[in-house]
Structures are given as C-alpha cells and as structure tokens.
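Chain and residue survey
Residues per chain, in single letters:
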Amino acid sequence: MQQTDLSPRSAVRLVLWGKDDLGLLQKVMGDPAMTHHLGGPESEAKIAARQSRYERLPDSGQGRMFKIEDGATGEAVGSVGYWERTWRGERVYETGWSVLPAFQGRGIASTATAQAVASARCERKLRFLHAFPSVDNPPSNAVCRKLGFTLLEECVVEYPRGSFMRCNDWRLDLFREKLG
C-alpha cells in the first residue's frame, strides 16, 4: 500500500465539520488506540451526540470543529477544533486534535492545528486558547511546543466526565501577533 505524503509541505486542508463526517468521528473516538490518552473509546450513543454537537458548533458562535483533509485527494485524515469553556474562572477557547494512525508522524497535527489557531485568532473574540494534552502524550505536547504555546502547569482535568487525567495546561495568546 502506497502512503500519501501529507507532510507540512503538502496541502492539508480544514473543512468545517458536516453531517457526512460521522464515519471519521467513529474512527477517531471509537477506537481504543485513538482514545488511549482520552479515557478510552466512546459508545455509539456518545459518538452520535458528539457528531450533533460538532455540526451545531459554528451556529452557536462558540467555536468550530474541522475535518482534516489531504488537500490533493480529499481523504479525511483526522479532526481539529476549538470551543469555548470556562477555565480558572475565565472564558477561553480549548483546542484538541486527532490524526488517524496511518497519517501520524508527518506533521499533520501541527499543520492543521496551526490553521485552527489562525481561525480562532481571526475571530478576535477570546484572548486565550488552551490545550490540555495528557502528560503521557509526547506527540501532542510537541504540537503545543512547536506552535508557540506556553506551558503553564501540570494539572488534573476531568475527561471524560467522572474520569480524571493528568494534563499539561498549554496556553496561546490569540491577541499577540504571530511570531516568526
């Protein structure tokens, strides 16, 4: 099987999450390997509810979810997005991403997350964007470091509900001009 080159040099495109993206969501949130750092796979009912939330998110004015596509083939390779939440008493955006195993290790998460950051930055709504990767997830922590997030602290985050995980709290100032 030939692998498609999805390095940062090739076209990675974000497409607003849509009704036809349930299959991708099942691959991302229903697979034990993909959800290892997120408390394990979600049930079909939870995935269906998540699909509905993702579809409604842009109309709510509280964020965006995107399908990550290979710009050349249109193949879905993952997801990325940002949404509002309250953190430490302040309204902020949170971001998260997932790249399917066959496409990991090629810079896709960094490229796609940079595009999502640009989208959030253009809104000029909330100043800070946080990411909360597990302390045991070196690739996701590397994405934060590469994109210029500041590591604030190690903390405990409840995700999924009723389950607590040790995370790094990374923050990016969306009102500060992009560096380099």
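Analysis parameters
Residues numbered from 1 in each chain as written. Predicted model: local features only at pLDDT ≥ 70, side-chain atom pairs only at ≥ 80, totals over all residues. Heavy atoms only, no water. Axes fitted to C-alpha atoms, helices over the stretch in contact; angles between N-to-C directions. Helix = DSSP H or I, 4+ residues; strand = E, 2+ residues; numbered from the N terminus. Parallel < 35°, antiparallel > 145°, perpendicular 65-115°, else oblique. Left-handed = near helix turned anticlockwise from the far one by under 90°. Contact = heavy atoms within 4.5 Å.

Within an unreviewed UniProt entry, the label attached to the protein reads GNAT family N-acetyltransferase, and the organism entered is Candidatus Dormiibacter inghamiae.

**A look at the packing of helix 1 (residues 22-29) against helix 2 (residues 44-60)**
Look at helix 1 against helix 2: their axes get within 10 Å of each other, and the N-to-C directions meet at 125°. By the angle between their directions, the pair helix 1 and helix 2 is classed as oblique. For the crossing formed where helix 1 meets helix 2, the hand is right-handed. Packed against helix 1, whose contacting residues are Leu 22, Leu 25, Gln 26 and Met 29, the element helix 2 presents Glu 44, Ile 47, Arg 50, Gln 51 and Tyr 54 at the interface.

**Comments concerning the environment of Ala 116**
With respect to the helices, strands and loops of the structure, Ala 116 is situated in helix 3 (residues 108-123). Through-space distance from the C-alpha of Ala 116 to that of Phe 66 is 8.1 Å; in sequence the pair is 50 residues apart.

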